[in-house]
Each structure stands twice: as structure tokens, then as C-alpha cells.
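Single-letter residue listing:
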Amino acid sequence: MDFEIKSLAFYVIEVEGSGEHAKKKYKQMAVLDEAMYEESPLKSFLDGELMKISNRKVDRHPKNEQVPTKIGRFIVEQGYDLGSNPNYNLFHRIRISDSLDSFSKESSEVASTYTDTTAIRGGVLIIIKAKLNKYFDEPFVFILKCDFEQKVASITDENTLIRNVQMAITTKNMKSIQYPFMPEEGMVEEGELKIHQSSHSRYFEDFLKYVEYGESMPEIIMNQVMGLVHREISETYVEESDEKEKVEQAMEAWATSPKRELQERWSDEQVMEASASLIEHTPEIELKFKLDHLSVKGLLADYGENVHIAKINDRYVVLLEGDFLQFEKNVSPVEMLKPSDLKLVLERMNKKYSNL
């Protein structure tokens, strides 16, 4: 099963120079209907690609902000419908185009707008209207971008052996937009699209100015934790004061820091209560931290169950518990250990610090 391509527009984007002074232009190379596409070399180039794009996994709330594949939602003000969104209107016009001429006109608007995005590279832009007849009467719109590959080579004859192909394209790192988003076969979300861009240059996000993306899980968790922090501060400092303002500013600075130290504000019970509300919605939330050069990685749900944090003479102690220990890679003498009773270990630690 694959999409049937009904219309296709093929553009070449050329960029001369760089930065603010770059000259960018596009040229329409071909506009094909269904019959013309079937006889075109593009058929073998794109065979199976649209289904691959459609089946590519995507999380509504990704694990980080830098994931290549995202779900975008058209921004609509309260009280207005999708027709108030310029990006939606462009996709919709392509989707309902009833002639090759109207499809070509709307596709050229996409090429023009896309070419104006910052930091864009030269390459090929392909705009497609395609149907998945098994499930839908309405077509999908795909926008594909293949950057030019400068270091592709091909064997020609016994004399030259190899020649460089200066304007080669490949589907390997192809960027794509699919509208509407299909969360599963037979279901579409009219107000959403799926984008895939493997490079760090966010061309599609620049191009789609009226599309928003779901928060990543770290963002969601940080917002929830900070909500609890602000509630705790409000309960501690009932009235507004300079001290309250300083604490709030310090916590905001802490939250945005890439490396954060233990704040020592909440008891074990408070931490586990706050964690429970987060874990209820997202059981797989990770817990990662470093104790000096030692790294600990687990789940937030492990805290209070298998992971414990304590202090001995102002030094942090992390206790990990489990049913078995497993070692990997290099063998060490530790693997021969017969573990001591925890009480003996704590006695040794207390004795070490009492002699300081």
C-alpha cells in the first residue's frame, strides 16, 4: 500500500553567497499530473517515500526540543476557525486545487515563501498532492526538500573512471512536511501537520510562521515543578516582601541553569508527593544526576523506592537498592565482593568523618 500521486511540482532552489547578502531564487522545472508522473524518473526516486514519511514515529511531547520529527498545530485565536491561519490556507488551497494550473499556482507560492527563509541551502523542493485511497477521499499534501549533495560521485567509463556530480540529490536526509497529520491509518487531524528536518537549521519552522509545536517533556515537567515551587514559596511568604522576591528570582535562575545543585528545600515526603503527580501522567520520567564524578541514572519513580539521598557530616550520600548487581565491560576486583552489612558501612563512614 502506498500513496497515489495526483499532482507534483518540482522546483530548483539556488543560493549564491551567504548571510544577509545571499541571493536566493527558485525555478519551476516541472509540473506533473498523475499520468505524467507515472512516466517520470521521479516515480522510482519517490517510490515508497510518502508512506515512509507517513509512518515515521513522532511524539506529541518529545523527550527533548531537538528531535527531528515534530507535530505542528496551526495557531488559531479563540473564536476563529482554521481559515484564519495563513499557513493552513496555503495547504488547504493546494489540497482542493481542481486543475494542474491551480495546483501549479499554489505550489509556486510555497516555493516563493520557502525560498525566503533564513539560512536555506540550495536544493530541490517537491510539492505533492497524493491520495491514500484505502482510507480517504481527500488528498494529502507533502512538501519535500532535498539539499544538493556536492560530494556524490559516479563511475562513467574506463578513461575518466569517476566524475563529480555537482547537483545530485538523495532521499537520505530529505526534509518533509505532511498535511494533514495521520496519527494512525484511517485517522487524520485537520488542524495538525508533521514535519521532519534532520539538520539543525529549522527551515520548516521558519517557513511555517503560524504553526506551534507541543512542549517537550522536559519543558512540561519543569513547568509543573516550578508551579509547585511557587506554591510552596507563597505558603511560606504569605505577604509580598523583598525576601520573597529574592527567593523567587533565585529559583527562576536555578530552573534555567543547565547544571543545578540540590536546593535542600523539601523533605522526602514532599518530594515523593510532588513526584507522584508527575509520574501518574508520565511513568517513564527519567531521573539523572551526578555525585561528584559518579553518574546515577534511573526513573523518577525510583526515588524513595530504590534511590535514596542522605547526608553525613555535610557530605551527600546516595543509597541504591536492588535485587542484583550486574557488571559490564572491564572486569574489576569489586565483582568478587561479599557485601558488608549496611550498618557496618555507615559506622565506617561516621568514623572516617569523626577523625577529620
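Thresholds applied
Residues numbered from 1 in each chain as written. Predicted model: local features only at pLDDT ≥ 70, side-chain atom pairs only at ≥ 80, totals over all residues. Heavy atoms only, no water. Salt bridge = Lys/Arg side-chain N within 4 Å of Asp/Glu carboxyl O. Helix = DSSP H or I, 4+ residues; strand = E, 2+ residues; numbered from the N terminus. Buried < 20%, exposed > 50% of the residue type's maximum accessible area, 1.4 Å probe, protein only. Axes fitted to C-alpha atoms, helices over the stretch in contact; angles between N-to-C directions. Parallel < 35°, antiparallel > 145°, perpendicular 65-115°, else oblique. Left-handed = near helix turned anticlockwise from the far one by under 90°. Contact = heavy atoms within 4.5 Å. Nonpolar A, V, L, I, M, F, W, Y, C, P; charged D, E, K, R; others polar.

1. Some points on the pattern of salt bridges
- Considering all chains together, one arrives at 20 salt bridges under this definition.
- Residue glutamate 49 pairs with lysine 52 through a salt bridge whose shortest N-O separation is 3.2 Å. With glutamate 49 and lysine 52 both in helix 3 (residues 49-55) and three residues apart, this pair spans about one turn of that helix.
- Its relative accessible area of 9% is what places glutamate 49 among the buried residues.
- Look at lysine 52 and you get partly exposed, because its relative accessible area is 46%.
- In this structure, the salt-bridge partner of arginine 60 is glutamate 192, at a minimum N-O distance of 2.7 Å.

2. Details of the packing of helix 7 (residues 217-236) against helix 8 (residues 242-256)
- Their axes nearest at 11 Å, the elements helix 7 and helix 8 cross at an angle of 165°. Judged by the inter-axis angle, helix 7 sits roughly antiparallel to helix 8. For the pair helix 7 and helix 8, the sense of crossing is right-handed. Contacts from Met222, Met226, Val229, His230, Ile233 and Ser234 in helix 7 reach Lys244, Val247, Glu248, Met251, Glu252, Trp254 and Ala255 in helix 8.
- A class-by-class count of the residues in the contact of helix 7 with helix 8 yields eight nonpolar, two polar and three charged.

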